Number of protein chains: 2
Amino acid sequence: MNDKSKENGSEKMSTPKILILGAGYGGLMTAVRLQKQLNYNEAEITLVNKHDYHYFTTWLHEPAAGTKDPDQCRVEIVDLLDTSKVKFVKGTVTEIKREEKQVLLQSGESLTYDYLVIGLGSEPETFGIQGLKEHAFSIRSINSVREIREHIEYCFAKYKMEKRPELLTFIVGGAGFTGIEFVGELSDRVPELCKEFDVDPSVVKIYNIEAAPTVLPGFDPELVNYAMEVLSRKGVTFKISTPIKECTPEGVVLADGEEINSTTVVWTGGVRGNAIIENAGFETMRGRVKVDPYLHAPGHEDVFIVGDGALIINEETDRPYPPTAQIAIQQGENLAQNLTALIRGGELKPFVPALKGTVASLGKGEAIGLVGDKKIFGSTAALMKKVIDNRSLYMLGGLSLVLKKVKL
Amino acid sequence: MNDKSKENGSEKMSTPKILILGAGYGGLMTAVRLQKQLNYNEAEITLVNKHDYHYFTTWLHEPAAGTKDPDQCRVEIVDLLDTSKVKFVKGTVTEIKREEKQVLLQSGESLTYDYLVIGLGSEPETFGIQGLKEHAFSIRSINSVREIREHIEYCFAKYKMEKRPELLTFIVGGAGFTGIEFVGELSDRVPELCKEFDVDPSVVKIYNIEAAPTVLPGFDPELVNYAMEVLSRKGVTFKISTPIKECTPEGVVLADGEEINSTTVVWTGGVRGNAIIENAGFETMRGRVKVDPYLHAPGHEDVFIVGDGALIINEETDRPYPPTAQIAIQQGENLAQNLTALIRGGELKPFVPALKGTVASLGKGEAIGLVGDKKIFGSTAALMKKVIDNRSLYMLGGLSLVLKKVKL
């Protein structure tokens, strides 16, 4: 409660509390837009995040392969905030109590809200494949990708002592966006690692295994073919239409019975919404909430969901939009506008995704993509990928963030 | 056989074959001195080594801790050889057949000799401690120290995901020269690793465990106290008079029953001669052959042993000289001279070690040592350590090697 409300007596409502959970693309964008749009004392805004930094999720395949320093893929959250308008709390959310309008943190602290923004991201979806959770890595945070990078380097060093080929057999499960981008980076890194550790490159194997009948499902076949050709040339072996049946400490067992020994299995096969949303009692499909046009959790005028936790159907295809940074950022922009309208009184605007294009990197200097209806390939696409990555930086942190982290 | 011997008929002996096994300090020094002293066609000299590089064994605690690039601790062997005088064979010795004057390599190749120089180094001595061979690392080659370095970094990365304290508990078994120098480097590296991996330094534990009642057994107590004080201040916990009873996948069990959980146990507790010497039927003590004053294996005028495989008693103390680079280099000098005398006809000179001093590094800017009778400490000792290391470079490879690898 601020002083003004006390002076003016009980007629005046206390300053509304906006609580934002998660500083991913969606949550962070909501916060930085709100701090621009609202004046001091129009709202008490709190942003909660597990780490004191925001990381660029769409770049994580690079530090995972070791082609980029993880520190180049993150930024201190307070560097992006006007802390006189947005309070930052470093903490891990453990529970959302809808009835009490309360959020509990691991530290024991509890926070209350008038408006709740849930941007808690996703977790790996294992589709019930046995052993995946225990034995596979996943690309999902700075900590997780540092572990993958160090594990890969350790495997090279260990190979020189033990000469077991499974130490240099790398299995990437899933040939969607993340899987493809990761094998692209990894195949770029392998020659460097071979040089560093005196390893004969012919010993190293990279498998990309996909259950669907194609890599990059949903992409244009011409783009798919180009991607497979580039990556095969770089040394990636594809196994498509090949579900993984089980992941073990020794490697993977495929549905067709083949076993591939590997000490490094990276699962990129899919994500689901953060379990906290489900546990809070919201209705979900694979952990994601089918939000209304204003990003409300259905039936909850005070709860909004952005990013990977929000499910929105693309009317044209009748399928959900994939969880992307592009959409999360747009949701943050829309939601900040709507929260401002709610506080000041005004019309809410429905969220309409504006798809500007999709580009998948295939490693250094190579990419494929669709910009509008135009297919792009090779160096043009690689350049466009950088433009897109740098644009996200600009959206989140303006020119100063671009200058710090720009991709050249 | 060379052409000249054919021309001169059977009276003339064929060119003597000198076969040097191992390009460590002893073997390499023998080779580089021989190529200086002998003319073309006086001998067929062959140097066999497992790797195509020589590494600076006495520096290995640094790349093991990650404070120095392993590539800075090795040099291509052919860069040090006059290949018109010394033939280099990259190969792993599997057997020495004394009767047949033959040496077998892993490749299946066999080599013959008139004079054999064995400089095959040492292997870890586990003193029968259970599990040490299976679960502990040891500092003994470029490959082994790269594995240790990568393992340590992987443990830091993994800790951020799993938060198990044993991932950041490092146990160094043995507080002799190598153990002390390694914990010195490791304690220097820890703050860097904590920064890189966002780890609270107070979580990291370094234990140095020694069965003897003191660290650096045989050193002056004043130097020992100084070393312990410096290293304790850097965060090393010493457990002296504490034998390790067993090493397990979980860590170590000490003789007093204490168990310390750790994913990283590095054993520096001692070395023994390479088993190939023993297997060849030479009489050994802990794998080392008590050589005569001319470095002969007793009873074998054609077999010489240099470096860690040679046991020489210090008459003053009635104890064996420790296996050091200093002595190995001096043995190489002596042996090259004697081999030249054997070929040209001349007097053999007995080997007399000239101990110039011993300095143990305690990490950046800190060391202790004895130069002559003078005790030295701190930055003076650290400087002396560099002088000694650079002097070895000069002995082995002249100014050009010093320029490439110099320690500043």
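To be clear, the structure that these remarks concern was listed above.
So, how was this worked out
- Residues numbered from 1 in each chain as written.
- Chains lettered and ligands numbered in written order.
- Predicted model: local features only at pLDDT ≥ 70, side-chain atom pairs only at ≥ 80, totals over all residues.
- Heavy atoms only, no water.
- Helix = DSSP H or I, 4+ residues; strand = E, 2+ residues; numbered from the N terminus.
- Rg over C-alpha atoms; globule rule 2.2 N^0.38 Å.
- Buried < 20%, exposed > 50% of the residue type's maximum accessible area, 1.4 Å probe, protein only.
- Areas by Shrake-Rupley, 256 points an atom, 1.4 Å probe, with all protein chains shown as cover.
- Phe/Tyr/Trp six-rings, centres within 6.5 Å; stacked < 30°, edge-to-face > 60°.
- Contact = heavy atoms within 4.5 Å.
- Buried area = accessible area lost by both parts, 1.4 Å probe.
- Salt bridge = Lys/Arg side-chain N within 4 Å of Asp/Glu carboxyl O.
- Polar contact = N/O pair within 3.5 Å; in protein donor to acceptor, adjacent residues only side chain to side chain.
- Nonpolar A, V, L, I, M, F, W, Y, C, P; charged D, E, K, R; others polar.
- Expected span 1.5 Å × (residues − 1).
- Arc of directions from axis to C-beta.
- Patch = residues over 30% accessible without salt bridge, like charges linked within 9 Å, V, L, I, M, F, W, Y side chains within 5 Å.
- Pairing = 2+ DSSP bridges.
- Least-squares fit on C-alpha atoms with pLDDT ≥ 70 in both.
- Axes fitted to C-alpha atoms, helices over the stretch in contact; angles between N-to-C directions.

Caption draft 1: Main features of the overall build of chain A. Along the backbone of chain A there are ten helices and 28 strands. A globule of 408 residues ought to have a C-alpha radius of gyration of about 22 Å, and chain A, at 22 Å, matches this closely. Looking at chain A as a whole, 53% of its 408 residues qualify as buried. Total accessible area computed for chain A in this model is approximately 18,400 Å², and 49% of it derives from carbon and sulfur atoms.

Caption draft 2: Fine view of the packing of aromatic side chains. All names here are of chain A. In the structure shown here, the tally under the stated rule is 13 aromatic pairs over all chains. Ring plane angle 15° and centroid distance 6.0 Å describe the contact between Phe 156 and Phe 170, whose orientation is recorded as stacked. Of this pair, Phe 156 sits in helix 5 (residues 142–162) while Phe 170 sits in strand 12 (residues 169–173), and the two are 14 residues apart along the sequence. A residue is classified by how much of its surface remains accessible, and Phe 170, at 2% relative accessible area, is buried. Aromatic rings pair up to connect Phe 156, Phe 170 and Phe 197 into one cluster.

Caption draft 3: Highlighting the interface of chain B and chain A. At the interface, 21 residues of chain B touch 21 residues of chain A. Taken over both partners, the interface formed by chain B and chain A buries close to 1,800 Å², and the fraction arising from carbon and sulfur atoms is 50%. Counting the surface chain B buries against chain A, the share from its top three residues, B:Glu147, B:Tyr154 and B:Met161, is 32%. Where chain B meets chain A, there are six salt bridges. Put simply, B:Glu196 and A:Arg149 hold a salt bridge, and the shortest N to O gap is 3.2 Å. Taken together, chain B and chain A are joined by twelve residue pairs in polar contact (both at pLDDT 80 or more). Examining the composition of the side of chain B that touches chain A, we find that 14 residues originate from one element, helix 5 (residues 142–162) of chain B, more than from any other. Residue classes in the side of chain B that touches chain A are distributed as six nonpolar, three polar and twelve charged.

Caption draft 4: Representation of helix 7 (residues 221–233) of chain B within the structure. Residues and elements named next belong to chain B. For helix 7, with 13 residues, the first-to-last C-alpha span of 18 Å sits near the 18 Å given by 1.5 Å per residue. Residues of helix 7 that are buried: Leu 223, Val 224, Ala 227, Val 230 and Leu 231. Viewed along the axis of helix 7, the buried residues span an arc of 135°, placing them on a single side of the element. The outward face of helix 7, more than 90 degrees from its buried face, is lined by the exposed residues Pro 221, Asn 225, Glu 229 and Arg 233. Lining the buried residues of helix 7 we find helix 6 (177–196), strand 13 (236–239), strand 26 (367–371) and strand 27 (374–377). You can read the cap of helix 7 off the contacts: a side-chain oxygen lies 2.7 Å from the backbone nitrogen of Glu 222, and it is on Asp 220. Phi for Gly 235, located one or two positions after helix 7, is positive at around 110°.

Caption draft 5: View of the pattern of salt bridges. In this structure the tally under the stated criterion is 50 salt bridges over all chains. Residues B:Asp188 and B:Lys234 are paired through a salt bridge, measuring 2.9 Å at the closest nitrogen-oxygen approach. One end of the pair, B:Asp188, is in helix 6; the other, B:Lys234, is in the loop between helix 7 and strand 13, with 46 residues separating them in the sequence. On the basis of relative accessible area, B:Lys234 is assigned to the partly exposed category, the value being 25%. Each of A:Asp71, A:Arg74, A:Arg146 and B:Asp198 takes part in salt bridges that share partners, so that together they form one network.

Caption draft 6: Summary view of a nonpolar patch on the surface. On the surface, A:Tyr394, A:Leu399 and A:Leu403 cluster together into a nonpolar patch covering about 370 Å² of accessible area. Relative to the helices and strands, A:Leu399 resides in helix 10 (residues 378–405).

Caption draft 7: Focus on the sheet that holds strand 18 (residues 264–267) of chain A. Spatially, five strands are ordered 11-18-12-13-14 (chain A) in an open sheet, and the strand pairing comes out parallel. Edge positions in the sheet fall to strand 11 (137–138) and strand 14 (236–239) of chain A, since each has one partner strand and no second.

Caption draft 8: Representation of the environment of B:Gly287 within the structure. All names here are of chain B. With respect to the helices, strands and loops of the structure, Gly 287 is situated in the loop between helix 8 (275–279) and strand 19 (289–290). Each C-alpha atom of the pair Gly 287 and Val 271 lies 9.0 Å from the other, and the pair is 16 residues apart in sequence. Every residue in contact with Gly 287, bar those within four places of it in the chain, is listed here: Arg 272, Gly 273, Asn 274, Ile 277, Glu 278 and Gly 309.

Caption draft 9: Local environment of the relation of the copies chain B and chain A. For the pair chain B and chain A, the superposition axis carries a translation of 0.0 Å, the fit reaches an RMSD of 0.0 Å, and the rotation angle comes to 180°. Both copies of the chain, as the preceding transformation shows, are related through a two-fold rotation axis.

Caption draft 10: Main features of the sheet that holds strand 13 of chain B. Residues and elements named next belong to chain B. Spatial ordering of the open sheet is given by 13-12-11-17, a layout of four strands whose pairing is parallel. Both edges of this open sheet fall to strand 13 and strand 17 (264–267), since each of them pairs with a single strand only. Direction aside, the axes of adjacent strands within the sheet are offset by 20° on average. With four bridges joining them, strand 12 (residues 205–209) and strand 13 adopt parallel strand pairing. What sits directly across from Asn 208, in strand 13, is Phe 238. In this fold helix 5 packs onto strand 11 (169–173) and strand 17, with an angle of close to 160° to the strand it touches most, strand 17.

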